[in-house]
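# Breakdown of the fold
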Amino acid sequence: PTDIIRLNELNFDNITLASETGMIGALKLDCVTFNRVSLNNAKFSFVNLDGTYFDGGRLNYARFEGSSLKCASFIGISLQ
């Protein structure tokens, strides 16, 4: 069975998650569940977010520079 990390209903406003090497494989958050999480002004830099769920969350002004979002889910989010 695959381990699943669930970070539901938390506040991560203004967080920066970045690969120290600038390579996308160095920081893997694939398949993490961020349901109903506030990520306003969050910055993801070269992060593997493949298959990650952001459903019902707030991603206003979030940035995903150089990150991979294959099959990520953004159902019902607030996004500007």
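About the criteria used
- Residues numbered from 1 in each chain as written.
- Predicted model: local features only at pLDDT ≥ 70, side-chain atom pairs only at ≥ 80, totals over all residues.
- Heavy atoms only, no water.
- Helix = DSSP H or I, 4+ residues; strand = E, 2+ residues; numbered from the N terminus.
- Rg over C-alpha atoms; globule rule 2.2 N^0.38 Å.
- Buried < 20%, exposed > 50% of the residue type's maximum accessible area, 1.4 Å probe, protein only.
- Contact = heavy atoms within 4.5 Å.
- Areas by Shrake-Rupley, 256 points an atom, 1.4 Å probe, with all protein chains shown as cover.
- Lys, Arg positive; Asp, Glu negative; His and termini not counted.
- Charge placed at Lys NZ, Arg CZ, Asp CG, Glu CD.
- Pairing = 2+ DSSP bridges.
- Axes fitted to C-alpha atoms, helices over the stretch in contact; angles between N-to-C directions.
- Phe/Tyr/Trp six-rings, centres within 6.5 Å; stacked < 30°, edge-to-face > 60°.

### Notes on the overall build of the protein
Within the protein, the regular secondary structure consists of 0 helices and 3 strands. The secondary structure elements of the protein, listed N-terminal to C-terminal, are β-β-β. Its C-alpha atoms give the protein a radius of gyration of 12 Å, within 12% of the compact-globule value 12 Å for 80 residues. Taken along its principal axes, the extent of the C-alpha atoms in the protein is 35 × 30 × 20 Å. Going through the 80 residues of the protein one by one, you find that 35% of them count as buried. Excluding contacts between residues fewer than 6 apart, the proportion of contacts in the protein whose partners are at least 24 apart in sequence is 32%. Accessible surface for the protein amounts to roughly 4900 Å². Of this, 52% is attributable to carbon and sulfur atoms. Put simply, the protein has 7 plus and 8 minus side-chain charges, and the middle of one group is 3 Å from the middle of the other.

### Brief notes about the sheet that holds strand β1 (residues 16-18)
If you walk across this open sheet you meet the 3 strands as β1-β2-β3, and the pairing is parallel. Of all strands in the sheet, those bounded by a partner on one side alone are β1 and β3 (63-65). Geometrically, the sheet is characterised by an average inter-axis angle of 5° between neighbouring strands, direction not taken into account. The sheet contact formed by β1 and strand β2 (residues 43-45) spans 3 bridges and is parallel. Bridge assignment links leucine 17 to a residue of β2, and that residue is phenylalanine 44.

### A look at unusual backbone geometry
Positive phi is not limited to glycine here, since asparagine 14 has a value of about 65°. Relative to the helices and strands, asparagine 14 resides in the segment before β1. Judged by relative accessible area, asparagine 14 falls into the exposed class, the value being 54%.

### Overview of the packing of aromatic side chains
Two measures describe an aromatic ring pair: the distance that separates the ring centres and the angle between the ring planes. For the structure shown, the criterion picks out 7 aromatic pairs. Ring geometry for phenylalanine 12 against phenylalanine 34: centres 6.4 Å apart, planes inclined by 90°, an arrangement best described as edge-to-face. Linking phenylalanine 12 in the segment before β1 with phenylalanine 34 in the loop between β1 and β2, this pair joins segments that are 22 residues apart in sequence. Using a relative accessible area of 4% as the deciding quantity, one classes phenylalanine 34 as buried. Arranged with centres 6.4 Å apart and planes meeting at 80°, the rings of phenylalanine 64 and phenylalanine 74 form a pair that is edge-to-face. Here phenylalanine 64 is found in strand β3, whereas its partner phenylalanine 74 is found in the segment after β3, with 10 residues between them in sequence. Taking relative accessible area as the criterion, phenylalanine 64 reaches 24% and is therefore assigned partly exposed. The class of phenylalanine 74 is partly exposed, set by a relative accessible area of 31%. Aromatic rings pair up to connect Phe12, Phe34, Phe44, Phe54, Phe64 and Phe74 into one cluster.

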